[in-house]
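Fold and contact review
Now for the letters of each chain:
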Amino acid sequence: MDKVKYFFRQSWLLIVASFCFGLLIAVANAAWQDNIFQNEEDKFNNLVKEMIPDANTTEIVLENVEVRSGKGKKKVTSVRKAVSGDGQCVGWAFTCEGSGFADKIKLVLTVDAGFEKLKGYGVLSSNETPGFGDKIKEPYYRRQFVGAPTAELELVKLGNPEDKDSKIVAVTGATVSSEAVVKIVNTFLGRIKNHMQEKGLIDNGN
């Protein structure tokens, strides 16, 4: 009993400080939540505009689409239609995410109006290793996805990055991060395409 009393006498300050610190984090997070959301929304729109220059606005056409990302885990995303100034559909965009080498990778994926070719991807958030894994943000890697078919992509170690096909050449020194991007794209792309076909938003290919 004496040991228990001694423990509490010695650790009460640490316990109180931990509680106060946790409370401050919760309050700060709640206070900044709207700003965090708006910043991500702005970055999403900027990335879409970069990949689909003809897009004037985006509008949500499917909400809360569930995608299984392995080991029974579910991710939820929304599909947005990219619309030109004259009201024409010029593509589709949605977020997708999964595990990278260091942490979670969150992407914005865009495809053409017919959902036949990729328009590319942009990195919404990533903590991959600087100088290595973060090369997935570099244009020379991202360009490989532009014009690739909306089918199963395959990561290869050797090949011509300029070829517009389903083979994606890994970044030297960042194979794990390269593989993570391809896996994320494959996981979400097939599910979203099937869901949009079921809803009649795109042709079913028949």
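Here's what I pulled together on the structure shown here. These numbers come from a predicted model, not from an experiment. (Residues numbered from 1 in each chain as written. Predicted model: local features only at pLDDT ≥ 70, side-chain atom pairs only at ≥ 80, totals over all residues. Heavy atoms only, no water.)

1. Describing the pattern of salt bridges
Applicable threshold: For this document, the term salt bridge refers to a Lys or Arg side-chain nitrogen within 4 Å of an Asp or Glu carboxyl oxygen. Secondary structure elements are defined from DSSP: runs of H or I of at least 4 residues count as helices, runs of E of at least 2 residues count as strands, and each element is numbered from the N terminus. Only protein chains enter the accessibility calculation, which uses a 1.4 Å probe; a residue is then buried when its area is under 20% of its type maximum, exposed when over 50%, and partly exposed in between.
The tally for this structure, following the rule as stated, stands at 7 salt bridges. One salt bridge connects Glu97 with Lys75, and the closest N-O pair in it is separated by 3.7 Å. Here Glu97 is found in strand E3 (residues 89-99), whereas its partner Lys75 is found in strand E2 (residues 74-83), with 22 residues between them in sequence. Overall, the relative accessible area of 22% leaves Lys75 in the partly exposed class. The class of Glu97 is buried, set by a relative accessible area of 15%. Salt bridges sharing partners connect three or more residues here, namely Lys75, Glu97 and Lys104.

2. Comments concerning the layout of surface pockets
As a reminder of what qualifies: Buriedness for pockets is judged along seven lines, at least five of which must meet protein on both sides within 12 Å for an open set on the 1 Å grid over protein atoms alone, while cavities are sets there where a 1.4 Å probe fits but cannot get out, and lining residues have an atom within 4 Å of a point. Grid points are joined across faces, edges and corners, and a volume is the space filled by probe spheres set on the points. Note on residue classes: Ala, Val, Leu, Ile, Met, Phe, Trp, Tyr, Cys and Pro are nonpolar, Asp, Glu, Lys and Arg are charged, and everything else, Gly too, is polar.
Approximately 280 Å³ is the volume attributed to the second largest pocket. Contributing to the lining of the second largest pocket are 16 residues, with Glu40, Glu41, Arg80, Thr95 and Lys106 lying nearest its centre. For the lining of the second largest pocket, the secondary-structure elements that each account for two or more residues are helix H1 (2-51), E2 and E3. Grouping the constituent residues of the lining of the second largest pocket by class yields 8 nonpolar, 3 polar and 5 charged.

3. Looking at helix H3 (residues 175-198)
Note the cut-off: For a helix, the expected span equals 1.5 Å multiplied by the residue count minus one.
The end-to-end C-alpha distance of H3, which contains 24 residues, comes to 35 Å, matching closely the 34 Å that a straight helix rising 1.5 Å per residue would cover. Gly200 lies just past H3 and shows a positive phi near 75 degrees.

4. What to know about the sheet that holds strand E1 (residues 57-68)
Counted only if it meets this: Here, strands pair whenever DSSP counts at least two bridges between them. Between N-to-C directions, angles cover 0 to 180 degrees, with each direction set by a line fitted to C-alpha atoms, over the stretch in contact for helices. Contacts: residue pairs with any heavy atoms within 4.5 Å of one another.
Sheet architecture is open: 5 strands sit in the order E1-E2-E3-E4-E5, paired in antiparallel fashion. Sheet topology places E1 and strand E5 (118-125) at the edges, where each strand pairs with a single neighbour. The mean angle between the axes of side-by-side strands here comes to 20 degrees, regardless of whether they run parallel or antiparallel. Relative to E5, strand E4 (residues 104-111) runs antiparallel, the two sharing 6 bridges. Each bridged residue has a counterpart across the sheet, and for Val108 the counterpart in E5 is Gly122. Against the sheet, H3 makes contact with E1, E2, E3, E4 and E5, and its axis sits at roughly 130 degrees relative to E3, the strand it touches most.

Keep in mind these numbers describe shape, not what the thing actually does.
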